[in-house]
Amino acid sequence: MKVFSMLYAVLCYNQEDVVGSRSQAEDDAVMGRLQTVNDRLAKAGRLGPVARLLPTTAAATLRKSDPPLIIDGPFSETKEQLLGFWIVDCQSLDEAVAVARDLASADPGGAYEIRPLALYQAGDVAQ
Amino acid sequence: MSDLGWIEAALVSARPEAVAALLRYFRDLDTAEEAFQEASLRALRTWPENGPPRNVAGWLVMVGRNAALDVARRTGRHVTLSEDHGAPAVDDAEQELVEYLDASAYRDDILRLMFVCCHPALPATQQIALALRIVCGLPVPQIARAFLVGESAMEQRITRAKARIAAAGVGFEEPGPVERSERLAAVLATAYLTFNEGYSALGDTAGARAPLCDEAIRLARLLLRLFPSEPEVMGLLSLLLLQHSRHAARFDDDGQVILLDDQDRRKWSRRAVVEGVTLVEKAMRHGSPGPYQVQAAIAALHARARTPEETDWAGIDQLYAALERHAPSPVVTLNRSVAIARVQGPAAGLAALEPLAKVLDGYFNFHGVRGAFLMQLGRTSEAKVSFDRAISLARTVPEAAHIRAHLDRMEGCTGRLEDGSLS
């Protein structure tokens, strides 16, 4: 019988201009060390999706005002907290914005930041 | 990551902001640079033990400024300071510096620093060299290698460029909207030129010049952080990322150029493609197209195609038509003729090309493309004349080899249409 377990999200924060100034070799080394940890978790059947986001310069933010407003750049308010996220397959940024609009109409208030992924590993964990 | 690696990355990323603030304070490029160097040395000495400061750029400005003032006091050297202090004068003032650096003024400081390097009074090669040295902090030997000159020659070139800037004079007051946009345009152009210097390198020099592409992308990223809602800045970064996404697929083992149609698209950097495509789409939403956005949109249509056959040539034709309006040039029309030929056939391509015969007569790609159209149309002897002319104009061995391959294929009647400018 499966033991009681819970799912946790681990969210990564750092200064992106510093991370972006790493040499390729250095970045590869970091990613390699992280992958070792990922592999260990995956082997134990404990790893869900892992994603690395592209820089915030590629981000757009849908402010859920009425009507909703699209702003260039990342979400930058401090009064609101990160509550959840979706990973959506889209053919264009416009499609991603349309998805965010649909979600916004279902749940007004706050904002959605729309940011492309640099890396995605689907993972495999069941609850 | 090792401590030193982290410090290097932190210094590199803080450099433009810190040097820009020091330049505003001292109003002299050499003094600002020396102050930054001194602060960097102290960082390497003290950070491994004490850990990094909370505000890296603020720390470097404060330490660099104090160090430079000490030197001036010791040597009796005259230092001109700005009246509106670029940074507070009190010693223990990290908090004030944080506020200063967070203020919108720092955007104009960095733009000024970049504009100083991209000053229209300088020839393009000096602009690039100076931007790489001052803004990116590339060491002189590396810049010299990229430009295929000796270190002392490059040192001289940079010194001369600095002297010219000092003579030309750059305003330190807050720029007005028109001046700001003129400065931005000049800086964007230099980032673009820097990229092209790296991108157009062939064979033996490609390795030494590759850092130019990375640095140009870093400059464009920095500009977009400063101007997050400028569609042309998004367009430029998008264009550079999309061009650079193909770098692992552009050369064969012998250093020969592999044309777009023949590249192994699995070697394209998906990460760069996704970022580039997103950025140009974000830019287009502003409804204010410009030359960088349109070029990026063309590159995005190529990048989206998983096979050459999937390429949306009709879309590319329309975008080249837009580019002819925004930034008309014979080379743009030449490139458009390739798209026209893909959509309407080689006769239409040839017709689009003919008006350029005089102005592009000395241009390798013109004769290469014209020969390819003629070959497609079965006008073999005329095609051969064009290809021979192209070979005589080729600047590099791979260019000539590419046309010779055309001639060889023509012998075997398996000719294909290719755009000599796309790789």
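Note that this is a predicted model, so its numbers are computed, not measured.

1. Some words on the overall build of chain B
Then step 1. For chain B, the count of helices and strands is 19 helices and 0 strands.
Then step 2. Relative to its full complement of 423 residues, chain B shows a buried share of 53%.
Then step 3. Long-range contacts, defined here as pairs at least 24 residues apart, represent 65% of the contacts in chain B between residues at least 6 apart.
Then step 4. Counting every atom, chain B has about 18,600 Å² of accessible surface; 52% of that belongs to carbon and sulfur.

2. Let's talk about the overall build of chain A
Then step 1. Each helix and strand counted, chain A has 3 helices and 5 strands in total.
Then step 2. The secondary structure elements of chain A, listed N-terminal to C-terminal, are α-α-β-β-β-α-β-β.
Then step 3. Considered along the principal axes of its C-alpha atoms, chain A spans approximately 45 × 45 × 30 Å.
Then step 4. Burial analysis of chain A (127 residues in total) assigns 25% to the buried set.
Then step 5. Counting only contacts in chain A whose residues sit at least 6 apart along the sequence, the fraction spanning at least 24 positions is 70%.
Then step 6. Surface accessibility of chain A: about 9,100 Å² in total, with carbon and sulfur atoms responsible for 57%.
Then step 7. Taking the average place of the 12 positive charges on the side chains of chain A and the average place of its 17 negative ones, the gap between the two points comes to 10 Å.

3. Quick look at the sheet that holds strand S4 (residues 111–114) of chain A
Residues and elements named next belong to chain A.
Then step 1. Spatially, S3-S2-S4 is the arrangement adopted by the 3 strands of the open sheet, whose pairing is antiparallel. Both outer strands of the open sheet, strand S3 (69–72) and S4, are each paired with one neighbouring strand and no more. Between one strand axis and the next, the sheet turns by 20° as a mean value, whatever way the strands run.
Then step 2. Contacts between helix H3 (residues 93–106) and the sheet are confined to strand S2 (60–63), S3 and S4, with S4 contributing the most and set at about 160° to the helix.

4. Let's talk about helix H17 (residues 364–376) of chain B
Residues and elements named next belong to chain B.
Then step 1. In this model H17 runs 19 Å from its N-terminal to its C-terminal C-alpha over 13 residues, within 8% of the 18 Å that 1.5 Å per residue would give.
Then step 2. By the burial criterion, the buried members of H17 are Phe364, Asn365, Phe366, His367, Gly368, Val369, Gly371, Ala372, Phe373, Leu374 and Met375.
Then step 3. Just downstream of H17, Gly378 is the residue with a positive phi angle, here 80°.

5. Structural notes on the pattern of salt bridges
All names here are of chain B.
Then step 1. Applying the stated criterion across every chain, the model contains 28 salt bridges over all chains.
Then step 2. Its salt-bridge partner being Glu215, residue Arg218 comes within 3.2 Å of it at the nearest N-O pair. With Arg218 and Glu215 both in helix H10 (residues 206–226) and 3 residues apart, this pair spans about one turn of that helix.
Then step 3. Using a relative accessible area of 22% as the deciding quantity, one classes Arg218 as partly exposed.
Then step 4. What you see here is one network of salt bridges that share partners, running through Arg15, Asp30, Glu33, Arg133 and Lys162.

6. Comments concerning the interface of chain A and chain B
Then step 1. Of the residues lining the interface, 28 residues belong to chain A; the matching set on chain B comes to 24 residues.
Then step 2. Each partner contributes to the roughly 2,200 Å² buried at the junction of chain A and chain B, and carbon and sulfur atoms together form 54% of this total.
Then step 3. Area buried by chain A at its contact with chain B is led by Thr57, Asp72 and Leu93 of chain A, which between them contribute 28% of it.
Then step 4. Across the contact surface, chain A and chain B share 1 salt bridge.
Then step 5. One salt bridge connects Arg285 of chain B with Asp94 of chain A, and the closest N-O pair in it is separated by 2.7 Å.
Then step 6. Split into classes, the residues belonging to the side of chain A that touches chain B amount to 13 nonpolar, 6 polar and 9 charged.

7. Digging into unusual backbone geometry
Then step 1. With an omega of 0°, the peptide bond between Asp66 of chain A and Pro67 of chain A qualifies as cis.
Then step 2. For Pro67 of chain A, the location among the structural elements is in the loop between S2 and S3.
Then step 3. If you check the backbone angles, Arg27 of chain B has positive phi at about 55° while not being a glycine.
Then step 4. One can find Arg27 of chain B in the loop between helix H1 (3–26) and helix H2 (29–50).

8. Regarding the packing of helix H13 (residues 291–304) of chain B against helix H14 (residues 313–326) of chain B
All names here are of chain B.
Then step 1. Remark: H13 packs on H14, axes separated minimally by 9 Å, with the N-to-C direction vectors making an angle of 165°. Between H13 and H14, the crossing angle belongs to the class labelled roughly antiparallel. In this structure, the crossing between H13 and H14 has a hand that is left-handed. Within the contact between the two elements, H13 uses Pro291, Val294, Gln295, Ala297, Ile298, Leu301 and His302 and H14 uses Trp313, Gly315, Ile316, Leu319, Tyr320, Ala322, Leu323 and His326.
Then step 2. Grouping the constituent residues of the contact of H13 with H14 by class yields 11 nonpolar, 4 polar and no charged.

9. Here we look at the packing of aromatic side chains
Then step 1. All chains considered together, the criterion is met by 5 aromatic pairs over all chains.
Then step 2. Considering the side-chain rings of Trp86 of chain A and Tyr112 of chain A, the 5.6 Å spacing of their centres and the 85° angle between planes classify their relative orientation as edge-to-face. Of the two residues, Trp86 of chain A is situated in the loop between S3 and H3 and Tyr112 of chain A in strand S4; the sequence distance between them amounts to 26 residues.
Then step 3. Between the aromatic rings of Tyr25 of chain B and Phe26 of chain B, the centroid separation amounts to 5.0 Å while the plane-to-plane angle is 80°, which identifies the pairing as edge-to-face. Per residue, the accessibility class of Tyr25 of chain B equals that of Phe26 of chain B, and both read buried.
Then step 4. Looking at Arg65 of chain B, its charged tip hangs above the ring of Tyr25 of chain B, at a distance of 5.6 Å from the centre.
Then step 5. Residue placement shows Arg157 of chain B over the ring face of Phe147 of chain B; its charged tip is 5.5 Å from the ring centre.

10. A look at the packing of helix H11 (residues 231–244) of chain B against helix H12 (residues 270–284) of chain B
Residues and elements named next belong to chain B.
Then step 1. The contact between H11 and H12 brings their axes to 8 Å, and the two run at 155°. Taken as axis vectors, H11 and H12 run roughly antiparallel relative to one another. Classified by chirality, the crossing of H12 by H11 is left-handed. Contacts between H11 and H12 involve Pro231, Met234, Gly235, Leu237, Ser238, Leu241 and Leu242 from the first element and Ala272, Val273, Glu275, Gly276, Val277, Leu279, Val280, Lys282 and Ala283 from the second.
Then step 2. Here the contact of H11 with H12 is composed, by residue class, of 11 nonpolar, 3 polar and 2 charged.

11. Examining the state of the cysteines
Then step 1. According to the stated counting rule, one finds 0 disulfides over all chains in the structure shown.
Then step 2. Left without a disulfide partner, Cys136 of chain B is nearest to the cysteine sulfur of Cys117 of chain B, which lies 8.7 Å away.

12. Quick word on the confidence of the model for chain B
Residues and elements named next belong to chain B.
Then step 1. Chain-level pLDDT for chain B is 85 on average; 89% of the residues reach the 70-or-more range.
Then step 2. Confidence over residues 85–91 falls short of pLDDT 50; this stretch has 16 contacts with residues more than four positions distant or in other chains.
Then step 3. Residue range residues 413–421 is modelled with pLDDT below 50. Its contacts to residues more than four positions away, or to other chains, number 33 contacts.
Then step 4. Across the whole predicted complex the pTM is 0.86, and at the interface the ipTM reaches 0.89.

Definitions and cut-offs
Residues numbered from 1 in each chain as written. Chains lettered and ligands numbered in written order. Predicted model: local features only at pLDDT ≥ 70, side-chain atom pairs only at ≥ 80, totals over all residues. Heavy atoms only, no water. Helix = DSSP H or I, 4+ residues; strand = E, 2+ residues; numbered from the N terminus. Buried < 20%, exposed > 50% of the residue type's maximum accessible area, 1.4 Å probe, protein only. Contact = heavy atoms within 4.5 Å. Areas by Shrake-Rupley, 256 points an atom, 1.4 Å probe, with all protein chains shown as cover. Lys, Arg positive; Asp, Glu negative; His and termini not counted. Charge placed at Lys NZ, Arg CZ, Asp CG, Glu CD. Pairing = 2+ DSSP bridges. Axes fitted to C-alpha atoms, helices over the stretch in contact; angles between N-to-C directions. Expected span 1.5 Å × (residues − 1). Salt bridge = Lys/Arg side-chain N within 4 Å of Asp/Glu carboxyl O. Buried area = accessible area lost by both parts, 1.4 Å probe. Nonpolar A, V, L, I, M, F, W, Y, C, P; charged D, E, K, R; others polar. Parallel < 35°, antiparallel > 145°, perpendicular 65-115°, else oblique. Left-handed = near helix turned anticlockwise from the far one by under 90°. Phe/Tyr/Trp six-rings, centres within 6.5 Å; stacked < 30°, edge-to-face > 60°. Lys NZ or Arg CZ within 6 Å of the ring centre and 35° of its normal. Disulfide = S-S within 2.5 Å. pLDDT = per-residue confidence, 0-100.

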